[in-house]
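Below, each chain spelled out in residue letters.
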Amino acid sequence: MRHQIAFSTCWADPLGSLSRQAPKPITCFVASLETASGPGAIQGLVKLYQQSPQGGAWTLVLAPGMPRSLVNSGRGFVSICGLNNILIGLGADGFMYMSTYSQALGWWGGFELIQPAVPPGSPAYAAASISEFSAQVVLFNWQAVLVIAAVASSPGTIGPGGGLNFDSRFFCYTQNLSTQTAGNWSPISVGISNARLPSLGWTDLNIAATGNMGVSLLGASGGQAGPGAIFGWSSSDGVRWNSAIFQNPTQPAWFTPAPVQDILLTVGATGQPNQGIVLSSGQPRLCYDISGSGAGWALYGGSLLPANVVNPPSFLTSAAGLGNGGNLQLVSLGHTVFPGVLPWLLWQDTGGHWHPFPYDPASGEYVNLASNFGGSRPSPIDLAVGAGWTGNQTPTLQVAYLASDGNVYITWQDSQGGWHWYAGISGNGLP
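Figured I'd write up the structure that's included with this text. (Residues numbered from 1 in each chain as written. Predicted model: local features only at pLDDT ≥ 70, side-chain atom pairs only at ≥ 80, totals over all residues. Heavy atoms only, no water.)

**Remarks on the pairing of strand S25 (residues 314-322)**
Note: S25 against strand S26 (residues 328-335), eight bridges, orientation antiparallel. Within the sheet, the bridge partner assigned to Phe-315 lies in S26 and is Gly-334. Between S25 and the antiparallel strand that follows it, S26, lie five residues; Gly-325 among them carries a positive phi value of about 65°. (Pairing = 2+ DSSP bridges. Helix = DSSP H or I, 4+ residues; strand = E, 2+ residues; numbered from the N terminus.)

**Regarding the pairing of strand S4 (residues 58-61)**
Note: strand S3 (residues 46-51) against S4, four bridges, orientation antiparallel. In the strand pairing of S4, Gln-50 is matched with Thr-59. Remark: six residues form the turn of the hairpin made by S3 and S4, two consecutive strands paired antiparallel; Gly-55 in that turn has positive phi of roughly 100°.

**Section: the sheet that holds strand S31 (residues 380-389)**
Two strands in a sheet stick together by hydrogen bonds in their backbones, pointing the same way (parallel) or opposite ways (antiparallel). Pairing in this open sheet of four strands is antiparallel, and the strands run S31-S32-S33-S34 from one edge to the other. With one partner strand each, in any of the chains shown, S31 and strand S34 (419-421) form the two edges of the open sheet. Along the sheet, successive strands turn relative to each other by an average axial angle of 25°, direction set aside. In this sheet, S34 lies alongside strand S33 (residues 408-413) in antiparallel orientation, the contact comprising three bridges. Counted as the bridge partner of Thr-411 is Trp-421 from S34. (Axes fitted to C-alpha atoms, helices over the stretch in contact; angles between N-to-C directions.)

**Comments concerning the sheet that holds strand S27 (residues 342-348)**
Strand order in the open sheet made by the four strands is S25-S26-S27-S28, with antiparallel pairing throughout. Whereas interior strands pair on both sides, the edge strands pair on one side only; in this sheet they are S25 and strand S28 (354-357). Going from strand to strand, the sheet's axes swing by 25° on average, the running direction of each strand aside.

Shown next as structure tokens:
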């Protein structure tokens, strides 16, 4: 799923941000992709907002420099991803670019092309025409490592002359953030032949990665007709990958009744395993990591979320993060009979149970999360979740929405589980 908005929380050091004794973050940013119009306009330029820990106010700041090759071509990014201290953009040219935040300097470096180092004697791997990617900073042997998983748009585009034939179109890139030693692209061997992919209708792929002391990955088939399929992999080093098992050990995947439009892989509520939220025909289906390592997945209850709700919304995309009391907050964009798209909330408690919020038990229907959208106001088109501040210098969960008017709107959760809009919003989003 390509995203037009990203949340990046910046820390003093990448390793510290992953430990339980992590210091408070330095600052946080929201990056959105601009939609331009008119002669000479460039699509996909980055607009960047920064939130101060002192007071929690948001300001528009200088964005990282865009790659000259994209600017000269009149095309920018088509997707953006935010991590701790890192922004990654997928260019319209099919290549990925990365910018990192410098604590010492207090600003972002310009976006640079990701060019993996190639060990001597190895084929000159190169991935062109990347269609989907996801990234995460994880711990390998107590070192912070950036792991990027990417998908080439079609077989045969990998390597010199496009002649290299691998078992799949997934590729992985790793970089040790402690030593700044670059890794290299390598094929993920999962036992799926290229000949089988067309039979599943793999016209689009959505991937996500998350983990701690390892990394797990979920990939989904898109398409316009027929069933969808979810595949999973796990790795303890970001280079060697093993295929995951979905319930029935004789089948390598979990098949859904309809094509998959979006997939989200997230940590669960405190004490719970990783959760996979799969949007199929507008409804979220839930699977969870029963192995603890990404090697085995099972369906949750009846698999569909929410359960026993009248007229559930039809969802388009989702984002998630840990909120008050270690509960997992899942915010999804969707619509019911009301014209336009609104945000809706599901949350998982530390016992593993899921709840809709807010919820009207009398009618059995959802109540949308945000009153700032709807009516004459613009609809949100994308969202991102991250840690920010409420004014007391205590990090708290925030959700950033990119609306159809091109502006960004922020809502945040307090320690009691209540939700509020950023106080500085006058109706037109962030400044």
